[in-house]
Amino acid sequence: MNVIHLDAFDLGIAATLVLLNAGMSIVLGLRLHRQVLWAAFRMVVQLLLIGLLLRTVFALSSPWITSAAIALMIAAAIREVAVRPARRLKGWGAFRLSAVAVSTTSVATVLLALLTAIRPSPWYDPHYAIPLMGIVLGSILNSASLGLDVFFTGVHGARASIEGRLALGCTSREALMPHIRNAIRAGLIPIVNQMSAAGIITLPGIMTGQLLAGMDPIEAVKYQILLMFLLAGGSALAATGIVYMAASSISDHRHRLRLERLADIGGKKTT
């Protein structure tokens with residue numbers, strides 16, 4: 001493939017657009033110029049560091065080092081899913097739900113791709129395993145955290161109606177089912193929008209990168225289709241699993257609603 005290498009001058013030209021953003025913020029009084037410049041600086045440092053780390057990991061091509069890198073990625077995603085919702089389970093409950101949903105769905109999705117469709121040699125080749133895990137985790141993170149947030153917020157706001165259904169003899173699953181459906185639906189909206197827009201409104205990131213690297217467009221399209229299918233499956237499993245586990249966590253064997261197990265984002269107990 002004909003790879004065009006970029007140097008510092010090329011990146012500096014693109015950086016003038018960030019400076020333009022900061023200048024517009026100053027002129028318009030948006031007071032965002034410091035945030036824009038700091039975010040750009042952090043992004044450059046973070047990406048350079050991860051680039052150096054990946055260069056080492058790729059060179060070593062060790063299953064243990066690759067597994068350690070993936071484990072760190074999964075741990076970071078677990079934390080994000082656990083802390084993003086405005087209301088969440090107290091203590092370690094939120095992390096427990098997130099750990100089960102994120103780790104199982106991400107590992108299963110990536111292993112499916114590596115062992116069936118892509119089949120690198122060796123199968124744990126970090127050139128494939130780490131980028132795949134990063135893409136899958138990003139989609140799972142969005143779907144799981146959005147589904148969890150919509151579920152807990154909806155249940156908290158509809159407490160009276162849910163308890164009314166329970167008083168009339170509904171099981172906790174029946175009383176919570178409308179909120180379970182709404183939460184799973186909300187968690188799937190981002191990936192549905194991605195698939196709907198792909199190819200007509202946008203060229204997805206992976207496909208764009210492969211095209212810029214000189215890959216044949218049809219081959220790039222095949223990889224993008226594969227990835228979108230993987231993301232759709234992983235997102236659906238993560239959103240469904242975490243919402244159902246959340247529903248079980250705020251009810252008990254006597255079909256009572258246990259909202260005292262929730263805390264808001266500031267750590268304050270839900271009443």
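Residue positions are counted from 1 within each chain, in the order its sequence is given. It should be noted that, the model being predicted, local features are given only for residues of pLDDT at least 70 and side-chain atom pairs only at 80 or more, the latter also being counted only at that level, while totals for whole chains, interfaces and linings use all residues. In computing side-chain values, all of the structure's heavy atoms are included and hydrogens and water are not.

## So, the overall build of the chain
The criterion, for reference: Helix numbering and strand numbering both begin at the N terminus, where a helix is a DSSP run of H or I of at least 4 residues and a strand a DSSP run of E of at least 2. The cut-offs for exposure are 20% and 50% of the maximum accessible area for each residue type, with area from a 1.4 Å probe on protein chains only; residues under the lower value are buried, those over the upper are exposed, and the others partly exposed. Every residue pair with non-hydrogen atoms within 4.5 Å of one another is taken to be in contact.
Tallying secondary structure elements over the chain gives nine helices and two strands in all. Walking the chain from its N terminus toward its C terminus, one meets helices and strands in the order α-α-α-β-α-α-α-α-α-α-β. Overall size of the chain, expressed as C-alpha extent along the three principal axes, is 70 × 55 × 40 Å. The proportion of buried residues among the 271 residues of the chain is 34%. Across the chain, the fraction of contacts at a sequence separation of at least 24, relative to all contacts at a separation of at least 6, is 69%.

## What to know about the packing of helix 3 (residues 63–83) against helix 4 (residues 93–118)
Keep this limit in mind: Between the N-to-C directions of two axes lies an angle of 0 to 180 degrees, each axis being a line fitted to C-alpha atoms and, for a helix, fitted only over the stretch in contact. Here is the rule for angles: anything less than 35 degrees is roughly parallel, anything more than 145 is roughly antiparallel, 65 through 115 is roughly perpendicular, and the remaining ranges are oblique. Here a crossing is taken to be left-handed if its near helix is turned anticlockwise relative to the far helix by less than a right angle, and right-handed if that turn runs clockwise. In this classification, the charged set is Asp, Glu, Lys and Arg, the nonpolar set is Ala, Val, Leu, Ile, Met, Phe, Trp, Tyr, Cys and Pro, and all remaining amino acids, among them Gly, are polar.
Relative to each other, helix 3 and helix 4 sit at 135 degrees, their axes nearing to 8 Å. Taken together, the axis directions place helix 3 and helix 4 in an arrangement best described as oblique. As for how helix 3 packs across helix 4, the hand of that crossing is right-handed. Residue-level contacts link Ile 74, Ala 77, Ile 78, Arg 79, Val 81, Ala 82 and Val 83 of helix 3 to Ala 94, Phe 95, Ser 98, Ala 99, Val 102, Ser 103, Ser 106 and Val 107 of helix 4. Partitioned by chemical class, the residues of the contact of helix 3 with helix 4 number 11 nonpolar, three polar and one charged.

## Re unusual backbone geometry
Note on backbone geometry: most residues besides glycine have negative phi, and most peptide bonds are trans. Put simply, Ser 121 and Pro 122 share a cis peptide bond, and its omega is 0 degrees. Tracing the chain through its elements places Pro 122 in the loop between helix 4 and helix 5 (126–157). Even without being glycine, His 255 reaches a positive phi, approximately 60 degrees. Along the chain, the position of His 255 falls in the loop between helix 9 (217–249) and strand 2 (262–264). Exposure remark for His 255: the relative accessible area of 36% places this residue in the partly exposed category.

## Notes on the pattern of salt bridges
Keep this limit in mind: The term salt bridge refers to a pairing of a side-chain nitrogen on Lys or Arg with a carboxyl oxygen on Asp or Glu at a separation within 4 Å.
In the structure shown here, the tally under the stated rule is seven salt bridges. One salt bridge connects Glu 219 with Lys 222, and the closest N-O pair in it is separated by 3.3 Å. Taken together, the residues span about one helical turn, with Glu 219 and Lys 222 both in helix 9 at a distance of three residues. Of the residues examined, Glu 219 reaches a relative accessible area of 34% and is grouped as partly exposed. For Arg 258, the salt bridge is made with Glu 260, and the minimal N-O distance between the two is 2.3 Å. For Glu 260, a relative accessible area of 35% gives the class partly exposed. Overlapping salt bridges, with partners in common, bring together Asp 252, Arg 256, Arg 258 and Glu 260 in one network.

## Some details on the environment of Ser 139
With respect to the secondary-structure elements, Ser 139 resides in helix 5. Put simply, Ser 139 and Ser 248 are 109 residues apart on the chain and 24 Å apart in space, counted from C-alpha to C-alpha.

## Considering the packing of helix 4 against helix 5
Their axes nearest at 10 Å, the elements helix 4 and helix 5 cross at an angle of 135 degrees. In terms of axis orientation, helix 4 runs oblique to helix 5. Handedness of the helix 4/helix 5 crossing: right-handed. Taken together, the residues of helix 5 that come into contact with helix 4 (itself represented by Val 102, Thr 105, Ser 106, Val 107, Thr 109, Val 110, Ala 113, Leu 114 and Ile 118) are Tyr 128, Ala 129, Leu 132, Met 133, Val 136, Leu 137 and Ile 140. Residues that form the contact of helix 4 with helix 5 fall into these classes: 13 nonpolar, three polar and no charged.

## Section: a nonpolar patch on the surface
Threshold: Nonpolar side chains (Val, Leu, Ile, Met, Phe, Trp, Tyr) are joined into patches within 5 Å and like charges within 9 Å, using only residues with over 30% relative accessible area and no salt bridge. Only the protein chains shown count as cover for residues, and all accessible areas are computed by the Shrake-Rupley method using a 1.4 Å probe.
A surface patch of nonpolar side chains, about 720 Å² in accessible area, is lined by Leu 17, Leu 20, Met 24, Val 27, Leu 28, Leu 30 and Leu 32. The exposure class of Leu 32 is partly exposed, given its relative accessible area of 42%.

## A closer look at the packing of aromatic side chains
This is how it is decided: What counts as a ring pair is set by centres within 6.5 Å for rings of Phe, Tyr and Trp (its six-membered ring), and what kind of pair is set by the plane angle: stacked under 30 degrees, edge-to-face over 60, tilted for all other angles.
Overall, the coordinates contain four aromatic pairs when judged by the stated rule. Their ring planes at 55 degrees and their centres at 5.7 Å tell us that Phe 151 and Phe 152 sit as a pair that is tilted. Across this residue pair, the class does not change: Phe 151 and Phe 152 are buried.

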